Structures are given as C-alpha cells and as structure tokens.
Amino acid sequence: MESAANDAVRVAGRDGAEVGFILSGSLLSGIGPLNDLLTDVAARDHRPVLDLRPIVDDRGTEHRWDGVHYSEVGSRAVGAQIAAWIAGLGTPLR
C-alpha cells in the first residue's frame, strides 16, 4: 500500500503540481491505518496534510446525516476548510 501511495504522489506531481493529502474522518473502522499511512508518506516527503477528523468526527449527524454522507451543513464546513487549506498552500493545485 505504501508503494502505491508513493507512486500516486510521483504521478500526480510529475508536472510540478503540488501534492497534498486530505485525511478522511473516521467513518469506517478501517480508515485509520490508511490515514496513518498517508500521514507517514506526507511527513517523509514534506507534503501538506489536511485532517478532516477534527472537523467531522465529533459532530455526529450534524455533519454526516447517516454517518457516512455529508449533510448540507457538513458539506459547507468541510468545503470551507478544504478551500482555506488550498488557498494557504500558496501554489494553485492543478
């Protein structure tokens, strides 16, 4: 899995694009190890990371109406965080 993540970073960034990682909230029990892997890859390559867990995990059905899919309020909250994160990178994502 780590090899696939490294390959994805190389492919996505081969034309000079900034590559960052957005970690999913803990909607599925198996997402933790994937988030950990992506965090490790990002740290090693000095890539930016946005962790959505603090934004969505403690909100219950306020942000995820069924525990998986974002509600309108959740979509707006996550979208605002992602937009601010991208703007703060300083390099437009392609």
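Residues numbered from 1 in each chain as written. Predicted model: local features only at pLDDT ≥ 70, side-chain atom pairs only at ≥ 80, totals over all residues. Heavy atoms only, no water.

## Looking at the overall build of the protein chain
Link 1 in the chain: Across its full length, the protein chain carries four helices and two strands.
Link 2 in the chain: For the protein chain, buried positions account for 27% of its 94 residues.
Link 3 in the chain: Sequence-distant contacts, at least 24 apart, represent 62% of the contacts inside the protein chain between residues at least 6 apart.
Link 4 in the chain: When the accessible surface of the protein chain is totalled, it reaches about 5900 Å², and 56% of it is carbon and sulfur. (Helix = DSSP H or I, 4+ residues; strand = E, 2+ residues; numbered from the N terminus. Buried < 20%, exposed > 50% of the residue type's maximum accessible area, 1.4 Å probe, protein only. Contact = heavy atoms within 4.5 Å. Areas by Shrake-Rupley, 256 points an atom, 1.4 Å probe, with all protein chains shown as cover.)

## Description of the packing of helix α1 (residues 2-13) against helix α2 (residues 31-45)
Packed helix pairs are specified by the crossing angle of their axes together with the interaxial distance, meaning the distance between the axes.
Link 1 in the chain: Direction vectors running N to C along α1 and α2 enclose 50°, while the axes themselves pass 10 Å from each other. The orientation of α1 with respect to α2, classified from their angle, is oblique. Taken as a pair, α1 and α2 cross one another with a handedness that is right-handed. On α2, the residues touching E2, A5, N6 and V9 of α1 are L37, L38, V41, R44 and D45. (Axes fitted to C-alpha atoms, helices over the stretch in contact; angles between N-to-C directions. Parallel < 35°, antiparallel > 145°, perpendicular 65-115°, else oblique. Left-handed = near helix turned anticlockwise from the far one by under 90°.)

## Description of α2
Link 1 in the chain: The first and last C-alpha atoms of α2 sit 21 Å apart over 15 residues, in line with the 21 Å expected at 1.5 Å per residue.
Link 2 in the chain: Where the residues of α2 are buried, they touch α1, β1 (21-23), β2 (49-51) and α3 (53-56).
Link 3 in the chain: Remark: H46 follows α2 within two positions and exhibits a positive phi of approximately 55°. (Expected span 1.5 Å × (residues − 1).)

## Comments concerning α1
Link 1 in the chain: Between its first and last C-alpha atoms α1 spans 17 Å; for 12 residues at 1.5 Å apiece the expected length is 16 Å, and the two agree.
Link 2 in the chain: For α1, the complete set of buried residues consists of A5, N6 and V9. Buried residues of α1, seen end-on, are gathered within an arc of 100° and therefore sit on one face of the element.
Link 3 in the chain: Tucked into the core, α1 has its buried residues touching β1 and α2. (Arc of directions from axis to C-beta.)

## Examining the nonpolar core
Link 1 in the chain: A5, V9, V19, F21, L23, L37, L38, V41 and A42 form the largest nonpolar core, which has nine residues in total.
Link 2 in the chain: At the level of secondary structure, the elements contributing two or more residues to this core comprise α1, β1 and α2.
Link 3 in the chain: For this core, the element with the most residues is α2, which contributes four residues.
Link 4 in the chain: Contact partners of V19, with chain neighbours within four places excluded, come to V9, A12, G13, R47 and P48.
Link 5 in the chain: One finds L50, L52, I55 and V78 within the second-largest nonpolar core, a separate group that totals six residues. (Core = buried A, V, L, I, M, F, W, Y, C linked by side-chain atoms within 4.5 Å.)

On their own, these measurements won't tell you what the molecule is for.
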